[in-house]
Amino acid sequence: MTRVGLYLDLRIPPGASGADVYRRTLDRVADAERRGLEAAWVTEHHGFADGYLPAPLTAAAAIAARTHTLRIGTGVVIAPMLPVETLAEQAAVVDLVSGGRLELGVGAGWRAEEFARVGADHRARYTTLEDHLRRLPGLWADGTVTPAPVQDPLPTWVGARGPRGARLAGRVGAGLLWLDPALVAPYAEGLAAGGWPREQGRLGGLVNVLLADDPDAAKAEVRAAARRNRESYQGNDDAAPKPGDTTFPRLRVLTGEDAVAAVREQLAALEGFPVTDVFCFADLGGLPGEVVDRHLELVTDVLRPGLVDVRATTPVPVGGTP
């Protein structure tokens, strides 16, 4: 089925307390789960002035401890920056704490500065990512890494915004964590090259909408927060998202009903594989509390039921050996 979730980067706006941001976020996720939320996804960057979340699996464990049913995804862990054994250990612990609710999304990363901080090879990041994904099941199966996760296989995803990453996702039998029709064909090519059945494929990713009863009134606050977020990337890397970048979906502020229509249209453009997960930002960092809280209510009370009749067929579990 298609799960509806929230995307969390845990930015700390100017003048705010980091501890308060984390506490409020965990409270909001727990409340959203009570309202029917099906998933929460966390992301990763390092060295941002606004404290952009640097430890996604730590945050995932905290979400696991506060929730009971929702899936907990990483979108994504920058896997080539970690030894594969460390990634295997941390992922297993989150899966155990959550009782088998982890969706392990990994990516190659793009910021050379982040790799330099830990002495990782930025140029080899795609090769390292693929090697990590191929080795993970064996590390758990043969007891090299203990404890093992609850799920066998553990669902894995590759976050990719281009054909190289999409083919890599297919070759290793992972889900593709980006909703771009242009990536469906290279993803299918990767599945075939890796010897995986087409039924193994699944898609998921960001639907970049913020819901409000009065979108025009909310847009002024959203613009200020979005501007701060864009500026946080300035000077980091030529690959940073920029205004007008067509590979990164523009944030739209919509009513609940209009958001349902927009997401349905986005999903209708994707053919060939089930879309099992969609998520939208929970906050942009610094939005007024009442704007965030109403957005979350509309996500659970309007967007989620509005997508019920486009639920996807559940695919073959992702992971393991073809």
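These remarks concern the structure in this document. Throughout, a residue's number is its position along its own chain's written sequence, starting from 1. Local features in a predicted model are, by the rule used here, given only for residues with pLDDT of at least 70; side-chain atom pairs are given and counted only at 80 or more, and totals for whole chains, interfaces and linings are based on all residues. Computation of side-chain values: all heavy atoms of the structure, hydrogens and water removed.

A word on the nonpolar core
Among the nonpolar cores identified, the biggest contains 93 residues, and L6, L104 and L203 are the most heavily contacted of them. Two residues form a contact once any of their heavy atoms are found within 4.5 Å. Contact partners of L104, with chain neighbours within four places excluded, come to L57, T74, L87, A91, L136, L154, P155, T156 and W157. Only buried residues count toward a nonpolar core. Its members are Ala, Val, Leu, Ile, Met, Phe, Trp, Tyr and Cys residues joined through side-chain atoms within 4.5 Å. Buried, partly exposed and exposed residues are distinguished by accessible area as a fraction of the type maximum, computed with a 1.4 Å probe on protein chains only: under 20%, between the cut-offs, and over 50%, respectively.

Looking at the pattern of salt bridges
Basic side-chain nitrogens of Lys or Arg form a salt bridge, by our definition, when they fall within 4 Å of a carboxyl oxygen of Asp or Glu. As enumerated under the stated definition, the model contains 23 salt bridges in all. Here R135 and E85 are joined by a salt bridge, their closest N and O atoms 3.3 Å apart. Here E85 lies in helix α3 (residues 84-98) and R135 lies in helix α5 (residues 125-141), a separation of 50 residues in the sequence. Taking relative accessible area as the criterion, E85 reaches 32% and is therefore assigned partly exposed. Across the pair R111 and E114 runs a salt bridge whose closest N-O atoms are separated by 2.9 Å. Comparing R111 with E114 shows no difference in burial state: the two are buried. Beyond isolated ion pairs, a larger network of salt bridges with shared partners links R3, R71, E103, R202 and D277. Every helix listed is a DSSP run of H or I at least four residues long, and every strand listed is a run of E at least two residues long, numbered separately from the N terminus.

Details of unusual backbone geometry
Here the bond from T146 into P147 is cis, since omega is -5°, no more than 30 degrees from zero. By the element assignment, P147 lies in the loop between α5 and β6 (156-158). In the segment running from D152 into P153, the intervening peptide bond is cis, with an omega of 5°. Secondary-structure assignment places P153 in the loop between α5 and β6.

What to know about the side chain of R125
Summarising the element assignment, R125 is placed in helix α5. Under the relative-accessibility criterion, R125 is labelled buried at 17%. Among the polar contacts listed, one links the side chain of R125 to the backbone oxygen of H122, at a separation of 2.9 Å. Every residue in contact with R125, bar those within four places of it in the chain, is listed here: P80, A108, G109, W110 and F115. For the purposes of these results, a polar contact is taken to be a pair of N or O atoms within 3.5 Å, where, inside protein, one atom must be able to donate a hydrogen and its partner to accept one; residues adjacent in sequence count only when each atom of the pair is a side-chain atom.

A word on a positive patch on the surface
Patch building starts from residues that exceed 30% relative accessible area and form no salt bridge, then joins like charges within 9 Å and nonpolar side chains (Val, Leu, Ile, Met, Phe, Trp, Tyr) within 5 Å. Under the convention used here, a 1.4 Å probe and the Shrake-Rupley method define accessible areas, while residue burial counts only the protein chains that appear. Residues counted as positive are Lys and Arg, residues counted as negative are Asp and Glu, and His and the chain ends are not counted. Charged side chains are reduced to one point each, which is NZ for Lys, CZ for Arg, CG for Asp and CD for Glu. On the surface, R223, R227, R228 and R230 cluster together into a patch of positive charge. Topologically, R223 is positioned in helix α8 (residues 215-232).

Things to note about the pairing of strand β11 (residues 275-281)
Burial within β11 is extensive, with seven of its seven residues counted as buried. Only strands that DSSP links by at least two bridges are regarded as paired with each other. With five bridges connecting them, strand β1 (residues 3-8) and β11 associate as parallel partners. The residue of β11 that forms the bridge with G5 is F279.

A word on the packing of helix α6 (residues 163-171) against helix α7 (residues 184-194)
The contact between α6 and α7 brings their axes to 6 Å, and the two run at 35°. For α6 against α7, the interelement crossing comes out right-handed. Taking contact as the criterion, the partners of P163, A166, R167, A169, G170 and R171 in α6 are, on α7, P186, Y187, E189, G190, L191, A193 and G194. Across the contact of α6 with α7, the residue classes tally to seven nonpolar, three polar and three charged. Each axis is a line fitted through C-alpha atoms, taken for helices only over the stretch in contact, and angles between the N-to-C directions span 0 to 180 degrees. Helix crossings get a hand from a simple test, with the near helix turned counterclockwise from the far one by less than a right angle marking a left-handed crossing and a clockwise turn marking a right-handed one. Residues are grouped as follows: Ala, Val, Leu, Ile, Met, Phe, Trp, Tyr, Cys and Pro are nonpolar; Asp, Glu, Lys and Arg are charged; all remaining types, including Gly, are polar.

A look at the environment of D301
With respect to the helices and strands, the residue D301 is situated in helix α10 (residues 289-306). Each C-alpha atom of the pair D301 and V150 lies 31 Å from the other, and the pair is 151 residues apart in sequence. A distance of 3.0 Å separates the side chain of D301 from the side chain of T300, its partner in a polar contact.

Concerning the pairing of strand β3 (residues 71-74)
Alternating residues of β3 divide into R71 and G73 and I72 and T74, and every residue in both groups is buried. In this sheet, β3 lies alongside strand β2 (residues 39-42) in parallel orientation, the contact comprising four bridges. Bridging from a neighbouring strand, W41 pairs with G73 of β3. Crossover handedness is defined by viewing with both strands directed away from the observer: a clockwise path from the first strand over the helix to the second marks the crossover as right-handed. You can see the chain leave β2, run along helix α2 (residues 56-66) and come back into β3, and the turn it takes is right-handed. Pairing geometry for β3 and strand β5 (residues 102-107), over two bridges, is parallel. Following the sheet pairing, I72 is matched in β5 by L102.

On their own, these measurements won't tell you what the molecule is for.
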